[in-house]
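Survey of secondary and tertiary structure
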Amino acid sequence: MAFKTIIVEIDDHVALIKLNRPEALNALNQALLDELARAITEADRNEKVRCIVLTGSEKAFAAGADIKEMAEKTFVDAFSSDFFGPQTEVIERCRKPIIAAVAGYALGGGCELAMMCDFIIAADTAKFGQPEINLGVIAGIGGTQRLTRLVGKSKSMEMHLTGRFMDAEEAERSGLVSRVVPAKKLMDEAMAAAQKITEKSMLATMSAKEAINRSYETTLSEGLLHERRLFHALFATEDQKEGMSAFLEKREAQFRDK
Ligand code: CO8
């Protein structure tokens, strides 16, 4: 089924998902979040897809949840529909890697959406912020939790309490983004990173993602044990034999996800 608020292109094992509501700086409304959840579910199930890249426009990754759509909501509306809960859980459950390629504004829900991805590559034009406080609310899809884990309490607290934006250089320095690239090169860099990921064994890729995400959920000793067991389990795969033989034989590994 065609999408109206996003554009999805699958090219050479990478699903590129572009948020596409230019009239509202890609503000996240119900339709967009529904379509995004559906596109990510489909990409996760599609055997051809090995990595997902999520991006917006040059001006905005996403300027937050759609304020026009939200403004008249009541508590009952928000609570009974579990406002944005089901869609964000789908994104969080995706087992394939998702790279956020962020240019321009990533504010409120837009910053939170970028942080739901596995890592963020930022253009030098990127601006991150959690300005919900200016609207009389707070972050609602992960901002208080993920930003705090990524940049620490002090900076997260300042961003949430004052609503100030962080530029790309500060975002890299504080650990919010993996790296900053010139805006013109953003998509080339994000696609090159995705391409690199597609060449690995999917079994190792998904294991690495699972183990890293587990570090947010558990104690160090449980996390270390989980990592070690996944590492042990990968010795049951043909890809481990292929990867190590290829190294010893000084050739490129040909992984088959087996
Ligand atoms: N929602 C709806 N429309 C928006 C949004 C938004 N978040 N952001 C921008 N737009 C619209 C504007 O209304 C404008 O539309 P129009 O031309 O029809 O008036 C158009 O996009 C262009 O925007 P501007 O003219 O404002 O562009 P500027 O370049 O002057 O400013 C800014 C850009 C600074 C990004 C400015 O638009 C802005 O401050 N936007 C709002 C940012 C914001 O407050 N974001 C947080 C929203 S709340 C949120 O995200 C909560 C997330 C948690 C949800 C939890 C659910 C469970």
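Details of the structure are given in the entry above.
Residues numbered from 1 in each chain as written. Predicted model: local features only at pLDDT ≥ 70, side-chain atom pairs only at ≥ 80, totals over all residues. Heavy atoms only, no water.

Inspection of the secondary structure assignment puts Ser156 in helix α7 (residues 153-162). Those residues in contact with Ser156 that lie beyond four places of it in its chain are Thr144, Leu147, Thr148 and Val151. (Helix = DSSP H or I, 4+ residues; strand = E, 2+ residues; numbered from the N terminus. Contact = heavy atoms within 4.5 Å.)

Of all hydrophobic cores here, the largest spans 43 residues; its most connected members are Phe128 and Leu176. Among the elements that take part in this core, helix α1 (residues 30-45) stands out by supplying six residues, more than any other. Among the nonpolar cores identified, the runner-up in size contains 15 residues, and Cys51, Ile99, Val181 and Ala194 belong to it. (Core = buried A, V, L, I, M, F, W, Y, C linked by side-chain atoms within 4.5 Å. Buried < 20%, exposed > 50% of the residue type's maximum accessible area, 1.4 Å probe, protein only.)

Turning our eyes to something else, we now look at the layout of surface pockets. Once rolled over the atoms, a probe with the size of a water molecule shows which space is left empty. In this structure, the largest pocket spans a volume of roughly 1000 Å³. Contributions of two or more residues to the lining of the largest pocket are made by α4 (85-93), α5 (109-116), β7 (119-123), α6 (143-151), α10 (202-214) and α12 (238-248). No other element matches the seven residues that α10 contributes to the lining of the largest pocket. Partitioning the lining of the largest pocket into residue classes produces 21 nonpolar, ten polar and eight charged. Approximately 680 Å³ is the volume attributed to the second largest pocket. Around the second largest pocket, the lining is made up of 25 residues, and of these Ala65, Met70, Phe83, Val137 and Ile138 lie nearest the centre. Elements supplying a minimum of two residues to the lining of the second largest pocket: α2 (67-70), α3 (75-80) and α5. Class assignment of the residues belonging to the lining of the second largest pocket gives a composition of 16 nonpolar, six polar and three charged. (1 Å grid on protein atoms, 1.4 Å probe; cavity = no way out; pocket = protein on both sides within 12 Å on 5 of 7 lines; lining within 4 Å. Points joined across faces, edges and corners; volume = space filled by probe spheres on them. Nonpolar A, V, L, I, M, F, W, Y, C, P; charged D, E, K, R; others polar.)

Counted under the stated rule, the structure contains 15 salt bridges. Here Arg146 ties to Glu92 by a salt bridge, and the two come within 3.2 Å at their closest N and O atoms. Highlighted residues: Arg146 in helix α6 and Glu92 in helix α4, separated in sequence by 54 residues. On the basis of relative accessibility, which here comes to 35%, the residue Glu92 falls in the partly exposed class. Salt-bridge contacts for Glu170 lead to Lys155; the nearest nitrogen and oxygen are separated by 2.6 Å. (Salt bridge = Lys/Arg side-chain N within 4 Å of Asp/Glu carboxyl O.)

The analysis is restricted to geometry; functional conclusions fall outside its scope.
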